[in-house]
Amino acid sequence: MDVTEVLAAHQAQFKPITVDKLVPLEFDLNLLAGFDSNPIDENRLTSEKNKYLTELIRDNTQLLINEIFKLPVKSTDMGIVAELPARTTPLPREKALPKEKAMTRWEKFAKIKGIQNTKRERMVWDDDRQEYKARYGYSGGAKDGNEDWLMEVPDNTDPMADQYEKKREEKKARTDKNAKRQKRNQEEAAVAPLVSGQGLMSKSSIPVKEFKQKSKNAVPKKLSKKPIKR
């Protein structure tokens, strides 16, 4: 049985993998992209647009696949994969560069003095419990109630004063002071873009109050411009 004609007819259904271009395509295989700089046939584009574009896309895709199959391959758990080369085409950034975060008072002071933070280990060994516990955070602040079972009464204080209550009040005062500092740093960071060119800000040079006052005065002015209709 002669199947030559059948094979020829079957092969005629598929185009060859070789494509000839007047100007060779430029490829960036890292992006799986090809760039065709050949001129467009305007006559075919006008008369048979869909057919012409389909053939153009097919030929360029075939050339891109031919270049991909030339890449070195390696075997992985996912199968045989190709090793893509380095990127040659620069792409524009999608989003703008993030704005530089305003420095806090401590960061400014540490930068001037050359102070560098040293990272401490979060887990520390507790000799009494014979286990590691967190320095802070969950289970780190848990106490068994025996740390301050005895407190020394200073000579210059009332011997009848409750030292435990005094310690709790001092801790609360430190917490409130830190909260005020944090709020002040947030206010300074908010007005930092408006006050450029200044170094360390002192209480007399921070225009936070003026900024708040302007914001308060702006509200009644806007309300006065738009009379309320009843």
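Residues numbered from 1 in each chain as written. Predicted model: local features only at pLDDT ≥ 70, side-chain atom pairs only at ≥ 80, totals over all residues. Heavy atoms only, no water.

1. Quick look at the pairing of strand S6 (residues 131–134)
Strand residues, when the strand is regular, have side chains that alternate between the two faces of the sheet. As a reminder, the rule being used: A pair of strands counts as paired when DSSP detects no fewer than two bridges linking them. In this text, helices come from DSSP runs of H or I with a minimum length of four residues, and strands from runs of E with a minimum of two, each type numbered from the N-terminal end.
Pairing analysis gives four bridges linking strand S5 (residues 123–126) to S6, with the strands arranged antiparallel. Counterpart to Asp-126 in the pairing with S6 is Glu-131. Between S5 and the antiparallel strand that follows it, S6, lie four residues; Gln-130 among them carries a positive phi value of about 55 degrees.

2. Section: a nonpolar patch on the surface
Heads up, the condition is: Note on patches: the residues involved have over 30% relative accessible area and no salt bridge, like charges join within 9 Å, and the nonpolar side chains Val, Leu, Ile, Met, Phe, Trp and Tyr join within 5 Å. Using a 1.4 Å probe, the Shrake-Rupley method yields the accessible areas, and only the shown protein chains count as cover for residues. When a carboxyl oxygen of Asp or Glu lies within 4 Å of a side-chain nitrogen of Lys or Arg, that pair is called a salt bridge.
A surface patch of nonpolar side chains, amounting to about 290 Å² of accessible area, comprises Trp-106, Phe-109 and Ile-115. In this fold, Ile-115 is placed in the loop between helix H4 (105–113) and S5.

3. Some details on the packing of aromatic side chains
For the record, the criterion: What counts as a ring pair is set by centres within 6.5 Å for rings of Phe, Tyr and Trp (its six-membered ring), and what kind of pair is set by the plane angle: stacked under 30 degrees, edge-to-face over 60, tilted for all other angles. Type-normalised accessible area, obtained with a 1.4 Å probe on protein chains alone, sets the label of each residue: buried when under 20%, exposed when over 50%, and partly exposed for intermediate values.
Evaluated as defined, the whole model comprises two aromatic pairs. Measuring from ring centre to ring centre gives 6.0 Å for Trp-106 and Phe-109, while their planes differ by 35 degrees; the resulting arrangement is tilted. Taken together, the residues span about one helical turn, with Trp-106 and Phe-109 both in helix H4 at a distance of three residues. Classification of Trp-106 by relative accessible area gives partly exposed; the value is 44%. Using a relative accessible area of 38% as the deciding quantity, one classes Phe-109 as partly exposed. Centroid distance Trp-125 to Tyr-132: 5.0 Å. Interplanar angle 70 degrees. Geometry classified as edge-to-face.

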